[in-house]
Amino acid sequence: MLTILIVTIGFLPNLFRISSPPNAPTILEAQFGLEGSDAEETVSLPHTWMPASPYDVVTGTYHLTFQSARPTHEPLFLFIPSARHHIEAWVNGQRAMSALDTAWSNPTSGYSFLAFIPQGSIREGDNEIMLRQSREVGWLPGRLSPVSIGPASTIMPAYKLSNLLIDQVRAMTFALHIVLTIGIATVWTARRHDPVFRWLALIAIASLLVVLTQAPGLPLGAVEHFQVTAAFSAVGLMALGMALAIIGRPRPRLLLPAVVIVPAVLLVIGLCGLVRFPIVGLLSATVALVAYLAAAGILAHDFAVRRNWNAAILAVPCALTAWFGLHDILVVTGLHDAPFLIVSYVRTMMLLAIMVILMGRLADSLNGLDNANETLRQRLAAQEAELVLLHEKERAHASELVREHERQRLMRDLHDGLSGHLVSIIALAERNPGEGEAIERAARAALDDLRLVVNSLDLSDGDLRIALAAFREKLEPQLRRLGVELGWSTEKLPEVIGITPEIALSVLRILQEAVTNAIKHGPARRIDIEGKKTDDGRAMLEVRNDGAPLPHFGKGKGKGIGNMERRARDLGGCVNLTAIDNGANLSLVLPTDLRKWSNLNRSAPQQR
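Summary of the structure given here. Here the structure is a predicted model, which is why all the values come from computation and not from measurement.

## Side note on the overall build of the protein chain
Okay, step 1: Within the protein chain, the regular secondary structure consists of 14 helices and 18 strands.
Okay, step 2: If you take every contact in the protein chain between residues at least 6 apart in sequence, the share linking residues at least 24 apart comes to 76%.
Okay, step 3: Here the protein chain has roughly 32100 Å² of accessible surface; of this, 60% comes from carbon and sulfur atoms.

Following this line, the structure appears as structure tokens:
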């Protein structure tokens, strides 16, 4: 799959050829001549040209003609899908304004040319276009594809595609190159003894220098000479050293010195004028291609013998580098016609393969570390099992303490609540044997109190709504028997956390006491219980009744109000009893997080 991906990316410049727009008039023939010569010839487009002296910097001129039915007021553009070297355009003698080069335009390697035709310069009938193509680098042949003319609606889609495949891909390749180089160099600093990482880092850094020499804005001259002489041959020899390191073979003694000596010798030859720099560049590129071919052969042989997948992964970009380099050499020498130079794309594919190998070696190192730690994990397992056993014993002891606390609470609640009702029942029976109805009421109150205590035992955190629902289920039949209508609404009640059985029982006792007071002191014919959220975010339960309003709620008027206030304070809340029109209103306000008060209540028995 990696091989397929690398080959696909490598052939992108060939797979996505930029052709002329289908709906625009296209000129396929022109008159061509070199500047300084009166001779012109008719040529078909695309056309590649090179002067008699291959490395002279000269200018070629194209004269093209086309027919226009009638002038149009719509802006027109001149578009050349693929060209090499700098181009200037005139339409009927008026200069066409060429599009600004992007940051990564490289006329030497190939680009798409776009120019705006001045308004009114095209006339009905015959029109003439003159193109001047200047060879800024004398060792690359000039090239011009068919020329198209049309409005923005037909020209711009093709131009945007070319801008994506040529300029933006170059920028993304450069950014990826920098990131991979930083990653590889970082790993090398931590494993300098490993020859594989050393060669990988050298190739990444040297390749980055090559890319920097090709970056737009850098002046040609010495930088270009360094690139064609040093970089090509040096990177190729480094690839050969990396291939030997991947398969575990020692490098030849002369290989590392050759990485420095060969480019230096070529540079000196070029600077002394013994050989022209284009020839020096071709020699350097030839050394690099031979080295890449040798590396690909070594890696492929090792994979065939030992099934070394790292060798197989790296052999593919090495072979592609040699093939693409040969393609560009043929283009430069004029032996092959192609719109773009594509060797620049291969360097990033090489780095991607290197990154895969790097990650694989890191994964092997991590696997070895995991195996070394396995013994330690086994030793820790026994200790962890012992700790788990101790933890379970501690949990059992804590659970026993909780159950003991709940038993004490249950006994206390039964004593405080149920015992009082039983005493009242006994007193009524002894004093008034005929008061059966009063005895029944007292017995029912005792039964309701017992149900509150029992229902609270099954509650857990967050179950306040369940407790309220159970309270409503028991309350409705009682009020219906007394002829009292019940209104109920708790949808707006916010969530209250930290609910324990003890806290739930305290809340229900406050509500029960409020309902009892409404029936006893009203007497109420309707009771409304509503849950809501206060302005400061706390939870509120309101009990309203339509009985007679109570003018005083002071101390000494009974223990009911005092008990409700005490229970509310124990929960961090408060109880407010107010008179309203035709009735009374009791509000219980609680914090939405009762975990703090739950812990305080749990420690209360020990304090007492």
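## Points about the pattern of salt bridges
Okay, step 1: Under the definition given, this model contains 15 salt bridges.
Okay, step 2: Residues Arg-472 and Glu-476 are paired through a salt bridge, measuring 3.5 Å at the closest nitrogen-oxygen approach. Placement of both Arg-472 and Glu-476 in helix α11 (residues 464-482) is noted, with a separation of four residues, approximately one turn of the helix.
Okay, step 3: For Glu-476, a relative accessible area of 27% translates into the label partly exposed.
Okay, step 4: Beyond isolated ion pairs, a larger network of salt bridges with shared partners links Glu-35, Glu-88, Arg-95 and Arg-132.

## Some points on the pairing of strand β17 (residues 574-580)
Okay, step 1: Sheet topology places β17 next to strand β18 (residues 583-590); seven bridges connect them, and they run antiparallel. Across the sheet, residue Val-575 finds its bridge partner in β18, namely Leu-588.
Okay, step 2: The turn joining β17 and β18, which pair antiparallel and follow one another in sequence, is formed by two residues; a positive phi near 60 degrees is taken by Asn-582.

## Points about α11
Okay, step 1: Spanning 19 residues, α11 covers 27 Å between terminal C-alpha atoms, matching the ideal 27 Å at 1.5 Å per step.
Okay, step 2: Of all the bends in α11, the largest measures some 25 degrees and sits at Leu-475, one to four residues before the proline Pro-477.
Okay, step 3: Restricting attention to buried positions, one finds in α11 the residues Leu-464, Ala-467, Leu-468, Phe-471, Leu-475, Gln-478 and Leu-479.
Okay, step 4: Count one or two residues on from α11 and you reach Gly-483, which has phi positive near 80 degrees.

## Observations regarding the nonpolar core
Okay, step 1: By size, the foremost hydrophobic cluster in this structure holds 44 residues, and its most contacted members are Ile-184, Met-242, Ile-246, Leu-299, Leu-314, Cys-318 and Ile-354.
Okay, step 2: Here this core gets 12 residues from one element, more than from any other, and that element is helix α5 (residues 222-247).
Okay, step 3: Filtering out sequence-adjacent residues up to four positions away, Ile-246 remains in contact with Val-196, Leu-299, Asn-308, Asn-310, Ala-311, Leu-314 and Ile-357.
Okay, step 4: Core analysis: the next-biggest nonpolar cluster, separate from the first, contains 35 residues, Leu-475, Leu-479, Ile-499 and Val-543 among them.

## A few points about the pairing of β18
Okay, step 1: In terms of burial, β18 is a largely internal element, eight of the eight residues being buried.
Okay, step 2: Of the two faces of β18, the one holding Gly-583, Asn-585, Ser-587 and Val-589 and the one holding Ala-584, Leu-586, Leu-588 and Leu-590 are both buried throughout.
Okay, step 3: As paired strands, strand β16 (residues 539-545) and β18 are joined by seven bridges and run antiparallel to one another. What sits directly across from Leu-541, in β18, is Leu-588.

## Some thoughts on the packing of helix α7 (residues 277-306) against helix α8 (residues 309-332)
Okay, step 1: Viewed as axis vectors pointing N to C, α7 and α8 meet at an angle of 155 degrees, and their least axial separation amounts to 8 Å. Taken as axis vectors, α7 and α8 run roughly antiparallel relative to one another. With respect to the hand of their crossing, α7 and α8 are arranged in left-handed fashion. Touching Leu-282, Ala-285, Leu-289, Tyr-292, Leu-293, Ala-295, Ala-296, Leu-299, Ala-300, Asp-302 and Phe-303 of α7 are Trp-309, Ala-311, Ala-312, Leu-314, Ala-315, Cys-318, Ala-319, Thr-321, Ala-322, Gly-325, Leu-326 and Ile-329, all from α8.

## Side note on the side chain of Thr-154
Okay, step 1: Here Thr-154 lies in helix α3 (residues 152-190).
Okay, step 2: Residue classification places Thr-154 among the buried residues on the basis of a relative accessible area of 18%.
Okay, step 3: Within the structure, the side chain of Thr-154 is placed 3.1 Å from the backbone oxygen of Pro-151, a separation counted as a polar contact.
Okay, step 4: The contacts of Thr-154, once residues within four sequence positions are left out, are Pro-21, Asn-23 and Ala-24.

## So, the sheet that holds strand β14 (residues 485-489)
What links the strands of a sheet is backbone hydrogen bonding, and the strands pair in either a parallel or an antiparallel sense.
Okay, step 1: Strand order in this open sheet of five strands is β14-β15-β16-β18-β17, and the pairing throughout is mixed. Taken across any chain shown, the strands that pair with only one partner, and hence form the sheet edges, are β14 and β17. Taken over all neighbouring pairs, the strand axes of this sheet differ in orientation by 15 degrees on average, direction set aside.
Okay, step 2: As paired elements, β14 and strand β15 (residues 526-533) share five bridges and run parallel to each other. Each bridged residue has a counterpart across the sheet, and for Gly-487 the counterpart in β15 is Asp-528.
Okay, step 3: α11 contacts β14, β15 and β16 of the sheet and is inclined by roughly 165 degrees relative to β14.

## Regarding the packing of helix α6 (residues 255-272) against α7
Okay, step 1: Viewed as axis vectors pointing N to C, α6 and α7 meet at an angle of 165 degrees, and their least axial separation amounts to 9 Å. As summarised for this structure, α6 and α7 are arranged roughly antiparallel, according to the angle between their axes. Remark: the crossing between α6 and α7 carries right-handed chirality. For the pair α6 and α7, contact is made by Val-262, Leu-266, Leu-267, Ile-269, Gly-270 and Leu-271 and by Phe-277, Val-280, Leu-283, Ser-284 and Val-287, respectively.
Okay, step 2: Split into classes, the residues belonging to the contact of α6 with α7 amount to nine nonpolar, two polar and no charged.

## So, α6
Okay, step 1: The first and last C-alpha atoms of α6 sit 26 Å apart over 18 residues, in line with the 26 Å expected at 1.5 Å per residue.
Okay, step 2: By the burial criterion, the buried members of α6 are Leu-255, Ala-258, Val-259, Pro-263, Leu-266 and Gly-270.
Okay, step 3: Where α6 terminates, the next one or two residues include Gly-273, which has phi positive at roughly 80 degrees.

## Quick look at the sheet that holds strand β7 (residues 86-91)
Okay, step 1: Spatially, β3-β2-β5-β11-β7-β8 is the arrangement adopted by the six strands of the open sheet, whose pairing is antiparallel. The sheet is open, and its two borders are formed by β3 (41-44) and β8 (94-95), each paired with just one other strand.
Okay, step 2: Pairing analysis gives six bridges linking β7 to strand β11 (residues 125-134), with the strands arranged antiparallel. Paired with Trp-90 across the two strands is Met-130, which belongs to β11.

Conventions used here
Residues numbered from 1 in each chain as written. Predicted model: local features only at pLDDT ≥ 70, side-chain atom pairs only at ≥ 80, totals over all residues. Heavy atoms only, no water. Helix = DSSP H or I, 4+ residues; strand = E, 2+ residues; numbered from the N terminus. Contact = heavy atoms within 4.5 Å. Areas by Shrake-Rupley, 256 points an atom, 1.4 Å probe, with all protein chains shown as cover. Salt bridge = Lys/Arg side-chain N within 4 Å of Asp/Glu carboxyl O. Buried < 20%, exposed > 50% of the residue type's maximum accessible area, 1.4 Å probe, protein only. Pairing = 2+ DSSP bridges. Expected span 1.5 Å × (residues − 1). Bend = angle between axes of the 7 residues up to and from the residue. Core = buried A, V, L, I, M, F, W, Y, C linked by side-chain atoms within 4.5 Å. Axes fitted to C-alpha atoms, helices over the stretch in contact; angles between N-to-C directions. Parallel < 35°, antiparallel > 145°, perpendicular 65-115°, else oblique. Left-handed = near helix turned anticlockwise from the far one by under 90°. Polar contact = N/O pair within 3.5 Å; in protein donor to acceptor, adjacent residues only side chain to side chain. Nonpolar A, V, L, I, M, F, W, Y, C, P; charged D, E, K, R; others polar.

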